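Structural overview for review
As a plain string of letters, each chain reads:
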Amino acid sequence: DGGITQSPKYLFRKEGQNVTLSCEQNLNHDAMYWYRQDPGQGLRLIYYSQIVNDFQKGDIAEGYSVSREKKESFPLTVTSAQKNPTAFYLCASSIVGRGTGELFFGEGSRLTVL
Amino acid sequence: AQSVTQLDSQVPVFEEAPVELRCNYSSSVSVYLFWYVQYPNQGLQLLLKYLSGSTLVKGINGFEAEFNKSQTSFHLRKPSVHISDTAEYFCAVSDLMDDKIIFGKGTRLHILP
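What you see is a predicted model, and the numbers here were worked out from it, not measured in a lab.

1. A word on the overall build of chain B
- The number of helices and strands found in chain B is 0 helices and 12 strands.
- Along chain B, helices (α) and strands (β) appear in the sequence β-β-β-β-β-β-β-β-β-β-β-β when read from the amino end.
- Taken over C-alpha atoms, the radius of gyration comes to 13 Å for chain B, in line with the 13 Å a tight globule of 113 residues would show.
- In terms of overall dimensions, chain B has a C-alpha envelope of 45 × 30 × 20 Å along the principal axes.
- Looking at chain B as a whole, 49% of its 113 residues qualify as buried.
- The long-range share in chain B, meaning contacts at least 24 apart out of those at least 6 apart in sequence, stands at 56%.
- Accessible area for chain B stands at about 5,400 Å²; split by element, carbon and sulfur atoms hold 52% of it.

Written out as structure tokens, the structure is:
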């Protein structure tokens, strides 16, 4: 079955450590996205990529980094510069097409900083 | 810049009663509009979308939404809710120029027995 796989589902990290969240898709979608979800704040866009080797900052990119070396993969690194990293992180993908495409989401990764 | 406002953070409703979840957007260009549903500890899935054509859009699980350009609204409705509709609902907007989709803060639907 096609879909988006995020791992790990739960992750604990000590302050000052970088952590990388994995996102893999086998839908052959060009565009991939990372959102952060906090209670009562909805989804906020961190980074998105419409093509391999290219990506753009979203609304809250500070303290995060991404890469897009393969079409199927869009890992997100939460760096120690991110002041409040505890959150639920969602990866999504879509067919590139002027915003007409449905977003397909993974099951999410919950990061807790101890 | 686009923005989405979901006026209610929580909506309680009795089982089998009708429900309306409100969504207003602002944008200087033509937009596409979406409603997504999120069940606890899961990702989001698409309920319905408006791209063009008929302003009344039907989605999965008996939901529908009406696009009103003059009021810049895209309210979600269901004539009779079920306990399984308990979830958080997100309105989202994107414009015709890029693939950035902006989400509202969500409305949590509580179904009362």
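2. Observations concerning the environment of L103(A)
- Here L103(A) is to be found in the loop between β9 (87-94) and β10 (104-105).
- When its relative accessible area of 1% is taken as the criterion, L103(A) is described as buried.
- With 10 residues separating them in the primary sequence, L103(A) and S93(A) have C-alpha atoms 5.6 Å apart.
- Beyond its immediate sequence surroundings of up to four residues, L103(A) is in contact with Y33(A), Y35(A), A92(A), S93(A), S94(A), Y36(B), I101(B) and F103(B).

3. A closer look at the state of the cysteines
Residues and elements named next belong to chain A.
- According to the stated counting rule, one finds 2 disulfides over all chains in the structure shown.
- Note that C23 is cross-linked by a disulfide to C91, the S-S spacing being 1.9 Å. The chirality of the disulfide connecting C23 with C91 is left-handed, given an S-S dihedral of about -75 degrees. Of this pair, C23 sits in strand β3 (residues 19-25) while C91 sits in strand β9, placing them 68 residues apart in sequence.

4. Considering the interface of chain A and chain B
- Counting from both sides, the interface comprises 27 residues of chain A and, opposite them, 25 residues of chain B.
- When chain A packs against chain B, close to 2,100 Å² is buried across both sides, 50% of that on carbon and sulfur atoms.
- Remark: the boundary between chain A and chain B carries 5 residue pairs in polar contact (both at pLDDT 80 or more).
- For the side of chain A that touches chain B, the elements supplying multiple residues, two or more each, are β4 (31-38), β5 (42-51) and β9 of chain A.
- Among the elements that take part in the side of chain A that touches chain B, β5(A) stands out by supplying 5 residues, more than any other.
- For the side of chain A that touches chain B, the per-class residue count stands at 11 nonpolar, 10 polar and 6 charged.

Procedures and definitions
Residues numbered from 1 in each chain as written. Chains lettered and ligands numbered in written order. Predicted model: local features only at pLDDT ≥ 70, side-chain atom pairs only at ≥ 80, totals over all residues. Heavy atoms only, no water. Helix = DSSP H or I, 4+ residues; strand = E, 2+ residues; numbered from the N terminus. Rg over C-alpha atoms; globule rule 2.2 N^0.38 Å. Buried < 20%, exposed > 50% of the residue type's maximum accessible area, 1.4 Å probe, protein only. Contact = heavy atoms within 4.5 Å. Areas by Shrake-Rupley, 256 points an atom, 1.4 Å probe, with all protein chains shown as cover. Disulfide = S-S within 2.5 Å. Buried area = accessible area lost by both parts, 1.4 Å probe. Polar contact = N/O pair within 3.5 Å; in protein donor to acceptor, adjacent residues only side chain to side chain. Nonpolar A, V, L, I, M, F, W, Y, C, P; charged D, E, K, R; others polar.

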